[in-house]
Amino acid sequence: MTQKINAKLSISSKSFGKTPEGISAELFTLTNSNGLIVKITNFGGVITEIHTPDKNGVFTDVNLGFDHIEPYYKDSPFFGALIGRFGNRIAKGTFTLDGKRITLDANNGKNHLHGGFAGFDKVLWNASSFETDKSVGLTLKYLSVDGDQGYPGNLQVTVVYELTNDNEILVKYHAVTDKATPVNLTQHAYFNLAGKGDVLNHEILINADRFTAIDAEAIPTGDLPLVENTPFDFRSPHPIGERINDEHEQIKNGIGYDHNFVLNKSGTKEYSLAARVYEPISGRVLEVFTTEPGVQFYSGNYLNGSLSGKGWNYTHRSGFCLEPQHFPDSPNQPQFPNTILRPGEEYTSSMSYKFSVVK
């Protein structure tokens, strides 16, 4: 059923299939006054489609994903998903909090990744739609109970998606807890601004002087090397593929780019540009803004052609991710910005994906 909000803005919903528990999930279609379309399901808070125009006004889906719910809980490499409780990796799936050893799911070899086997990307969120004069949106709520994937505390989470008439997808996060627990929420959309092929010709700028060095298991070493004179220097735009096969040790450890970049910030919660990506053939531009101190740039290194959806075959490096976040493995790295949320505190974070074109 379609709910018309005004002459142009609209939001509609339909069934998206059933979860493994047999509960029906919904797919919401958000449309702004420029015709930009975003589809989001309350299963995992997943963005399934983003249709944006190129320099000639031709709309294409620039978001990797699937046509129906089943691959999202069986085969998905976190396509379009909300990530929590903790985005990225925690070494050996364990850390010490207030003198107590906490053990989490080890779902990425020996390590913990993106919240565990049943993280926020694998649960059904309570969804409600809303409208404003210039936007349409979706509010998602979920209670992660004490012990969920090993995490302490009952964590009440709210995530708001809002599509504006400025062709921007705003994402706002809020959480409270009744026990101390690490929280690091993010969005894991994979983009291909050409709508097909690999992303190696996409030109990317990342507003970061430093990045988080990793070992061969993609766990931070604790070092924050300068990007200068390395393949990680995106302070001015470079094609993703220009240095992706460099002999640099960090490129080898990430099998390409799979690193957290330390964003240049004047204030702790400053809302600022993290990255800008330009695809020269289509003219499409994606800008990512965030209050977070870091952004994970992932160049689709593990995509291998085994997955398909929406008429796409997801071959090697056919999508890239820019995930605003606190740093990986922060619970084990006290020198990194704090990720521990305590009772009486509020976790808040804001980010956006903004689309435009260069003609």
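Residues numbered from 1 in each chain as written. Predicted model: local features only at pLDDT ≥ 70, side-chain atom pairs only at ≥ 80, totals over all residues. Heavy atoms only, no water.

A. Here's a closer look at the overall build of the protein chain. Along its length, the protein chain carries two helices and 29 strands. Its C-alpha atoms give the protein chain a radius of gyration of 19 Å, near enough to 21 Å, the size a compact globule of 359 residues would have. Across its three principal directions, the C-alpha atoms of the protein chain cover 55 × 45 × 40 Å. When the 359 residues of the protein chain are sorted by exposure, 58% land in the buried category. In the protein chain, once contacts between residues fewer than 6 apart in sequence are set aside, the share between residues at least 24 apart is 65%. The positive charge centre, built from 32 side chains, and the negative charge centre, built from 40, are 3 Å apart in the protein chain. (Helix = DSSP H or I, 4+ residues; strand = E, 2+ residues; numbered from the N terminus. Rg over C-alpha atoms; globule rule 2.2 N^0.38 Å. Buried < 20%, exposed > 50% of the residue type's maximum accessible area, 1.4 Å probe, protein only. Contact = heavy atoms within 4.5 Å. Lys, Arg positive; Asp, Glu negative; His and termini not counted. Charge placed at Lys NZ, Arg CZ, Asp CG, Glu CD.)

B. Main features of the sheet that holds strand β19 (residues 208–211). Taken together, four strands build an open sheet; the order of strands is β19-β21-β24-β27 and the sheet is antiparallel. Each edge of the open sheet carries a strand with a single partner, namely β19 and β27 (321–325). Strand-to-strand twist in this sheet, taken as the mean axis angle between neighbours without regard to direction, amounts to 30°. Where β19 and strand β21 (residues 258–263) come together, three bridges link them in antiparallel fashion. Residue pairing across strands places F211 opposite F261, the latter belonging to β21. (Pairing = 2+ DSSP bridges. Axes fitted to C-alpha atoms, helices over the stretch in contact; angles between N-to-C directions.)

C. Local environment of the environment of H326. Note that H326 resides in the loop between β27 and β28 (340–341). By relative accessible area, H326 is classed as buried at 14%. Sequence-wise, H326 and G254 are 72 residues apart; in three dimensions their C-alpha atoms are separated by 18 Å. The residues touching H326, leaving out its near neighbours within four places in the chain, are N184, E292, P293, P337, N338 and T339. Looking at H326, its side chain comes within polar contact range of the side chain of E292, at 2.7 Å. (Polar contact = N/O pair within 3.5 Å; in protein donor to acceptor, adjacent residues only side chain to side chain.)

D. View of the side chain of H202. Within the secondary structure, H202 is located in the loop between β17 (186–188) and β18 (203–206). Owing to a relative accessible area of 0%, H202 belongs among the buried residues under this scheme. Among the polar contacts made by the side chain of H202, one reaches the side chain of N201 at a distance of 3.3 Å. In this structure H202 touches N192, L193, A194, H238, P239, I240, V277, Y278, E279 and F320, once residues within four positions along its chain are discounted.

E. Expanded view of the confidence of the model for the protein chain. For the protein chain, the average pLDDT comes to 96, and 98% of its residues sit at 70 or higher. Contacts of residues 1–7 to residues separated by more than four positions or lying in other chains number 17 contacts, the stretch itself having pLDDT below 50. (pLDDT = per-residue confidence, 0-100.)

F. Looking closely at the pattern of salt bridges. On inspection of all chains with the given rule, the structure shows 11 salt bridges. The residue D146 makes a salt bridge to K179 at a minimum N-O spacing of 2.8 Å. Placement of D146 in the loop between β13 (135–144) and β14 (155–164) and of K179 in the loop between β15 (168–177) and β16 (181–182) is noted, with a sequence separation of 33 residues between them. When salt bridges that share partners are traced, they join D209, D233 and R235 into one network. (Salt bridge = Lys/Arg side-chain N within 4 Å of Asp/Glu carboxyl O.)

G. Main features of the environment of L104. When you line up the elements, L104 lands in the loop between β10 (100–103) and β11 (112–113). We classify L104 as buried; its relative accessible area is 7%. Spatially, the C-alpha atom of L104 lies 15 Å from that of N154, the residues being 50 residues apart in sequence. Setting aside residues up to four positions removed in sequence, L104 forms contacts with I90, G93, F95, H112, Q149, G150 and Y151.

H. Molecular detail of the environment of R284. Following the sequence through the fold, R284 ends up in strand β23 (residues 284–290). When the C-alpha atoms of R284 and P53 are compared, they prove to be 7.5 Å apart, with 231 residues separating the residues in sequence. Of note is the side chain of R284, whose polar atom sits 3.2 Å from the side chain of T60.

I. Looking closely at the packing of aromatic side chains. Tallied over the full model, the rule gives 27 aromatic pairs. Centroid distance F16 to Y72: 6.2 Å. Interplanar angle 45°. Geometry classified as tilted. Of this pair, F16 sits in strand β2 (residues 10–18) while Y72 is found in helix α1 (residues 70–74), placing the two residues 56 residues apart along the sequence. Ring plane angle 25° and centroid distance 5.2 Å describe the contact between Y257 and F297, whose orientation is recorded as stacked. Residue Y257 is found in the loop between α2 (249–254) and β21, and its partner F297 is found in strand β24 (residues 294–298); the two are separated by 40 residues along the sequence. Considered together, Y257 and F297 belong to a single accessibility category, that of buried residues. Grouping aromatic residues by their ring pairs yields a cluster made of F16, F66, Y72, F79, Y190, Y298, Y302, W312 and Y314. (Phe/Tyr/Trp six-rings, centres within 6.5 Å; stacked < 30°, edge-to-face > 60°.)

J. Main features of the pairing of β18. Here β18 shows one buried face, formed by I204 and I206, and one open face, formed by E203 and L205. Pairing analysis gives two bridges linking β18 to strand β20 (residues 238–239), with the strands arranged antiparallel. Looking at the pairing, I204 lines up with H238 of β20.

K. Region of the structure containing the sheet that holds β15. With respect to topology, nine strands assemble into an open sheet ordered β12-β13-β14-β15-β29-β23-β22-β18-β20, the strand pairing being antiparallel. Unpaired on one side and paired on the other, β12 (126–131) and β20 mark the two borders of the sheet. Across nine bridges, the pairing between β14 and β15 is antiparallel. Note that in β15 the partner of V159 across the bridge is Y173.

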